[in-house]
Amino acid sequence: MKVAEKLELIENQIKETCSEIGRNPDEINIVAVTKYVSTERAEEAIQAGLIHLGENRDSGLLEKWEVLKGRPRWHFIGTLQSRKVKNIIDKVSYIHSLDRLSLAKEIDKRADKPISCFVQVNVSGEDSKHGMEPQEVEGFIRSLKDYPAVKVVGLMTMAPHTDDEHFLRKCFRSLRELQENIHSLDLPYAPCTELSMGMSNDYKIAIEEGATFIRIGSALVGND
Ligand SMILES: *Cc1c(COP(=O)(O)O)cnc(C)c1O
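Residues numbered from 1 in each chain as written. Predicted model: local features only at pLDDT ≥ 70, side-chain atom pairs only at ≥ 80, totals over all residues. Heavy atoms only, no water.

By the naming in an unreviewed UniProt entry, the protein is Pyridoxal phosphate homeostasis protein, taken from Rossellomorea aquimaris. Quoted verbatim from the Cofactor (unreviewed entry) heading of the UniProt record, the comment on the protein is "pyridoxal 5'-phosphate". (UniProt positions renumbered as here; feature names shortened; annotations may be inferred.)

A word on the packing of helix 2 (residues 39-47) against helix 3 (residues 58-68). For the pair helix 2 and helix 3, interaxial distance at closest approach is 10 Å and the crossing angle is 60 degrees. The orientation of helix 2 relative to helix 3 falls into the category oblique. Pair helix 2 / helix 3 crosses with right-handed handedness. Between helix 2, through Thr-39, Ala-42, Glu-43 and Ile-46, and helix 3, the contact on the second element is made entirely by Glu-63, Lys-64, Val-67 and Leu-68. For the contact of helix 2 with helix 3, the residue count by class is four nonpolar, one polar and three charged. (Axes fitted to C-alpha atoms, helices over the stretch in contact; angles between N-to-C directions. Helix = DSSP H or I, 4+ residues; strand = E, 2+ residues; numbered from the N terminus. Parallel < 35°, antiparallel > 145°, perpendicular 65-115°, else oblique. Left-handed = near helix turned anticlockwise from the far one by under 90°. Contact = heavy atoms within 4.5 Å. Nonpolar A, V, L, I, M, F, W, Y, C, P; charged D, E, K, R; others polar.)

Right, let's talk about the site of the ligand for a bit. Around the ligand, the structure places Val-33, Lys-35, Ile-77, Met-156, Met-158, Met-199, Ser-200, Arg-215, Ile-216, Gly-217 and Ser-218. Contact distances for the ligand include 2.6 Å between an oxygen atom and a side-chain N or O atom of Lys-35. In isolation the ligand has 390 Å² of accessible area, and contact with the protein removes 91% of it. Cavity membership is defined here by more than half of the atoms lying within 2 Å of grid points; on that basis the ligand lies in the largest pocket. Residue composition of the shell around the ligand, grouped by class: six nonpolar, three polar and two charged. (Near = heavy atom within 4 Å. Polar contact = N/O pair within 3.5 Å; in protein donor to acceptor, adjacent residues only side chain to side chain. Areas by Shrake-Rupley, 256 points an atom, 1.4 Å probe, with all protein chains shown as cover. 1 Å grid on protein atoms, 1.4 Å probe; cavity = no way out; pocket = protein on both sides within 12 Å on 5 of 7 lines; lining within 4 Å. Sits in = over half its atoms within 2 Å of the grid points.)

What follows covers the UniProt feature "modified residue: N6-(pyridoxal phosphate)lysine" (unreviewed entry) in the protein. UniProt feature "modified residue: N6-(pyridoxal phosphate)lysine" (unreviewed entry): in the numbering of this structure it lies at Lys-35. Positionally, Lys-35 belongs in the loop between strand 1 (29-33) and helix 2. Exposure remark for Lys-35: the relative accessible area of 31% places this residue in the partly exposed category. Once residues within four sequence positions are removed from consideration, Lys-35 is found in contact with Gly-54, Glu-55 and Asn-56. (Buried < 20%, exposed > 50% of the residue type's maximum accessible area, 1.4 Å probe, protein only.)

Right, let's get into the environment of Met-132. Along the chain, Met-132 falls in the loop between strand 5 (115-120) and helix 6 (134-143). When residues no more than four places from it in sequence are discounted, the contact partners of Met-132 are Asp-99, Val-119, Gln-120, Val-121, Asn-122, Val-137 and Phe-140.

Listed below in structure tokens is the structure:
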């Protein structure tokens, strides 16, 4: 299926969900996750009108960057090793996986302009997932005042792979509560207005719980 056709299905789903719950669909930004697909397919996504592209490895991002350059806004969504920061920092608009002080320090050292970052939180309590524990997040964000190039635009989570809708909803809801708490601290470098949550299988629930950035791979650019 063409990306444009898949996009239409997803946009219809977003509109329907938003009208059910009284949200404005313009608040939802779609990040097309291109990590499994070719540069040609990523180019097709841009032509279909997608503005945000996401990659989870520096190699994948650099390979696509060679061809697509700064046409899309690039999102780095995967675990980021500090030593890889210098490879990607001048190419990305957003980093979704800020989860430790050493990474913030490296971003601050390498960036020549503020980078929009999401702090990744492990809300499900599964220890296989990356991200900080919810109770560590406020202290962590307070300590980021020493790194002016790190701008905390929001929080991000990866929900567990499950069909348990109730559990997914609980995860997304607790990320939102945490985001609202951080936002209310009124820290100049951490507006924390955004929520990066929801993937191919769970974006509808994520939108119902307040997502503003949904990261969609297979359902949007998958080769089927
Ligand atoms: C791969 C990936 C996605 C997209 O996953 P799909 O299930 O294919 O939509 C979203 N977020 C992160 C962090 C990913 O690694």
